[in-house]
Amino acid sequence: MAAQEIENGTTWGKELWDQFDNLATHTQKGIDFFERFGNFIRDRSAIEVEYALKLRRLVKNYQPKKSKEDEENEFSSLIAFKNVLKEVADLAGQREVVAENLQNQVLQGIMLLAKILREERKKALNQGAGLTQSLHTQIGTLDRAKRSYEKAFREAEKAIESYHKADADFHLSRADVEKQRVNMNIRNSQSEDAKSEYANQLQITNKQQQQHYQIALPEVFNKLQELDEKRTRGMKEFIKRAADVEYEVSPIIARCLEGMVKAADSINEKDDSMIVIEKYQSGFQPPGDIPFEDLSKPDPDAANNSQTHNSSTGLNHMTGKGTTKDKLKKRVGIFGIFTGNKNNLTTDGLKEDFSDLPPTQRRKKLTAKVQELQQKVAQEQAASDGLMKMKGVYEANSMLGDPRTVEEQLNESVNRLDRLRHELLRYQKLLEQANNQTFIQHSPQSNRVIQNGQRSSRHSNGSSNHENSHDDNGEDHPDDAGSLSSSASPESGLGTSHTSLPGSGQGSTNEQPMNEEYYEADAPLGTCRALYPFDATSEGSIPMSEGEELQVIEVDQGDGWTRVRRFSSKGWEEGFVPTSYIECTLYA
């Protein structure tokens, strides 16, 4: 384009021959503007770096916390959100690539070109200033030659005038006239010499001036024009390069956005709902219908409740420590069963056999534990086989190694394998027991039934407090032995008596013999009232009727059971009842 302009005569040297100062100012402003564009690229690169840093910090702050349970049952929405965070992290990486390329490919090029332009401008301006100074010097020489010529010319005229006056004056001698004539000739000669010098300097000045304005200075201006156009082209190229930096990462950014859309499409609300069911399903059956209470018919439990109420009221006649004056036989550690398992917990706070979980959740945990142990057994078996092979190789060729070096490792591996297999067998049995549970789990409210229009409590053998186990329609009720889950309650596995006090006519079939050592009973912590009837289905617990009042001698320790005491016609009874079945009023 510059060559075409030169051919057409549209050059700075021709069109702007007298604008040296303005061109110098213009090129300076152009380079300053170009460097300002470089500062823009630098600041933009810094913003890209900061943006990438904030994106990464955002991803870190919102990264879901990892847990083993979440890894097993991850919702599709959570998985999608994790994938979105990954895509955002990739976006941050692309912004860092943009920043780096802007720095290396654009900013450095701008700074280098700006430096070159400044150097070329300085050189051109120095050259132009030198040419201008040389022309001004020549014009000064011409002015001095002209002034000398003017002075010599005036003196020559004056000498001629003086000679003519002397020649016309008859009073002067011939010698004086001759003197004036000689002076006139000298002045004329000096005037001619000055005229010749002036003409010579004028010719030199005109030639230099023509050379200056037509060749030398236009070359300088054309150099300024060339570097200014180079700056303009550089601006154009670097703007395009900055855009190309964006274009280069745009396909990856597009893939990141596509990944976000794909993550969103992977969300399935139905699958998430099923995960919620799998995660929280207890396996219990919902409570049955609440029976109708026919107050017109006598309730045999009323007399028992009244008797129990009177007996519990009579407990106030005990000593200040809440004990009778007689010594009571010491229990044979039956309540240690409930507290002994509290230290036998897994890392997530659950019991090792997961007996504190609902049936469905327990089966899931046991299944996962069995799979984990099977994998460990397989890994340990592979390690043991490898050691056996290594030992055989060493025994076959002693040059390869000493078989005794792997003997200790092999023994340790065999011991670990035995322990893992034993533990695996234990959990497999627990899982088999959990899978073989065929009884129905009920909620506390489902233990209440109506027989012949009256309220009663069923026992573990399926019998009622009434002799007749049929309803008004003559239909049999299903066995209610599963009023509490044997796997989820601390009742399971009890082997000691639930009536440890003397005079208690009600005891377990496996009742332990009492020690001869006596102790005073625990002081009551308060009273409680039974909200629902409860049948003692295993040892260590005692039955109670709805509305019955009992003494609290040990509060719930976190296992869902409260230790209570009551006085009946059979004597004192102590045992555990479900905390959710009673309403407690503790002493201040």
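Residues numbered from 1 in each chain as written. Predicted model: local features only at pLDDT ≥ 70, side-chain atom pairs only at ≥ 80, totals over all residues. Heavy atoms only, no water.

1. Regarding the overall build of the protein chain
- Helix and strand content of the protein chain: 11 helices and nine strands.
- Across the protein chain, every contact between residues at least 6 apart in sequence was considered, and the portion connecting residues at least 24 apart equals 73%.
- Working note: accessible area of the protein chain is about 35,300 Å², and carbon and sulfur atoms make up 52% of it. (Helix = DSSP H or I, 4+ residues; strand = E, 2+ residues; numbered from the N terminus. Contact = heavy atoms within 4.5 Å. Areas by Shrake-Rupley, 256 points an atom, 1.4 Å probe, with all protein chains shown as cover.)

2. Let's talk about the pattern of salt bridges
- For the structure shown, the criterion picks out 24 salt bridges.
- Here Glu120 makes a salt bridge to Lys230, at a shortest N to O gap of 3.2 Å. Residue Glu120 is located in helix 5 (residues 76-168), and its partner Lys230 is located in helix 6 (residues 174-265); the two are separated by 110 residues in the primary sequence.
- Taking the relative accessible area as the measure of exposure, Glu120 reaches 32% and is therefore partly exposed.
- According to the relative accessible area criterion, Lys230 is partly exposed, its value standing at 24%.
- When salt bridges that share partners are traced, they join Arg44, Glu48, Arg95 and Glu246 into one network. (Salt bridge = Lys/Arg side-chain N within 4 Å of Asp/Glu carboxyl O. Buried < 20%, exposed > 50% of the residue type's maximum accessible area, 1.4 Å probe, protein only.)

3. So, the packing of aromatic side chains
- With the rule as written, the count across this model stands at nine aromatic pairs.
- Plain terms: the ring middles of Tyr149 and Phe153 are 6.2 Å apart, the flat faces sit at 45 degrees to each other, and that makes the pair tilted. Residue Tyr149 and its partner Phe153 are located together in helix 5, separated by four residues, close to a single helical turn.
- Accessibility expressed as a relative area gives 17% for Tyr149, which makes it buried. (Phe/Tyr/Trp six-rings, centres within 6.5 Å; stacked < 30°, edge-to-face > 60°.)

4. As for the environment of Ile239
- Looking at where Ile239 falls in the secondary structure, it is placed in helix 6.
- Separated by 133 residues in sequence, Ile239 and Val106 have C-alpha atoms that sit 8.4 Å apart.

5. Observations regarding the state of the cysteines
- For the structure shown, the criterion picks out zero disulfides.
- Between Cys528, a cysteine without a disulfide, and Cys584, which holds the nearest cysteine sulfur, the sulfur-to-sulfur distance is 5.0 Å. (Disulfide = S-S within 2.5 Å.)

6. Some points on the side chain of Arg566
- Mapping Arg566 onto the fold places it in strand 7 (residues 561-568).
- Residue classification places Arg566 among the buried residues on the basis of a relative accessible area of 11%.
- A distance of 2.7 Å separates the side chain of Arg566 from the side chain of Glu548, its partner in a polar contact.
- Among the polar contacts listed, one links the side chain of Arg566 to the side chain of Glu573, at a separation of 2.6 Å. (Polar contact = N/O pair within 3.5 Å; in protein donor to acceptor, adjacent residues only side chain to side chain.)

7. So, the sheet that holds strand 8 (residues 571-578)
- In space, the five strands of this open sheet follow the order 8-7-6-5-9, with antiparallel pairing throughout. The open sheet has two edge strands with one neighbour each: strand 8 and strand 9 (582-586). Neighbour-to-neighbour, the strand axes of the sheet open up by a mean angle of 35 degrees, direction not taken into account.
- With five bridges connecting them, strand 5 (residues 526-530) and strand 9 associate as antiparallel partners. From the neighbouring strand, Thr527 faces strand 9, where its bridge partner is Thr585. (Pairing = 2+ DSSP bridges. Axes fitted to C-alpha atoms, helices over the stretch in contact; angles between N-to-C directions.)

8. Looking at the pairing of strand 8
- Most of strand 8 sits out of view: eight of its eight residues are buried.
- Sheet analysis places strand 7 next to strand 8, joined by eight bridges and oriented antiparallel. Residue pairing for strand 8: Trp561 is matched across the bridge by Pro578.
- The loop that links strand 7 with its antiparallel partner strand 8 comprises two residues.

9. Brief notes about helix 6
- Here helix 6 contains 92 residues, and its C-alpha end-to-end distance of 132 Å stays within 8% of the 136 Å for a straight helix at 1.5 Å per residue.
- Along helix 6, the sharpest kink reaches roughly 45 degrees, centred on His212. (Expected span 1.5 Å × (residues − 1). Bend = angle between axes of the 7 residues up to and from the residue.)

10. With respect to the packing of helix 10 (residues 359-396) against helix 11 (residues 404-435)
- Contact geometry of helix 10 with helix 11 gives a least axis separation of 8 Å together with a crossing angle of 160 degrees. With respect to helix 11, the element helix 10 is oriented roughly antiparallel. At the point where helix 10 passes helix 11, the crossing takes the left-handed sense.
- Partitioning the contact of helix 10 with helix 11 into residue classes produces 19 nonpolar, nine polar and 10 charged. (Parallel < 35°, antiparallel > 145°, perpendicular 65-115°, else oblique. Left-handed = near helix turned anticlockwise from the far one by under 90°. Nonpolar A, V, L, I, M, F, W, Y, C, P; charged D, E, K, R; others polar.)

11. Some words on the nonpolar core
- Ranked by internal contacts, the top residues of the largest apolar core, which has 38 residues, are Ile41, Phe221 and Leu224.
- Elements with a minimum of two residues in this core: helix 3 (20-61), helix 5 and helix 6.
- In terms of residue count, helix 5 provides more of this core than any other element does, 14 residues in total.
- The contact partners of Phe221, leaving out residues within four places of it in the chain, are Trp12, Gly13, Leu16, Trp17, Gln19, Phe20 and Leu23.
- Counting 14 residues, the second largest nonpolar core, distinct from the first, contains Tyr532, Met544, Leu550 and Val564. (Core = buried A, V, L, I, M, F, W, Y, C linked by side-chain atoms within 4.5 Å.)

12. Points about the confidence of the model for the protein chain
- Looking at the protein chain as a whole, its pLDDT mean stands at 76, while 73% of the residues score no less than 70.
- Low pLDDT (under 50) marks residues 306-343, which in the prediction has 77 contacts with non-local residues, meaning those over four places away or in another chain.
- Low confidence marks residues 438-521, where pLDDT is under 50. Its contacts with residues over four positions away, or in another chain, come to 225 contacts. (pLDDT = per-residue confidence, 0-100.)

13. Looking at the packing of helix 3 against helix 5
- Where helix 3 contacts helix 5, the two axes come as close as 8 Å, and the packing angle between them is 165 degrees. In terms of orientation, helix 3 and helix 5 fall into the roughly antiparallel class. Both helix 3 and helix 5 take part in a crossing whose hand is left-handed.
- Its residues placed into classes, the contact of helix 3 with helix 5 shows 28 nonpolar, seven polar and 10 charged.

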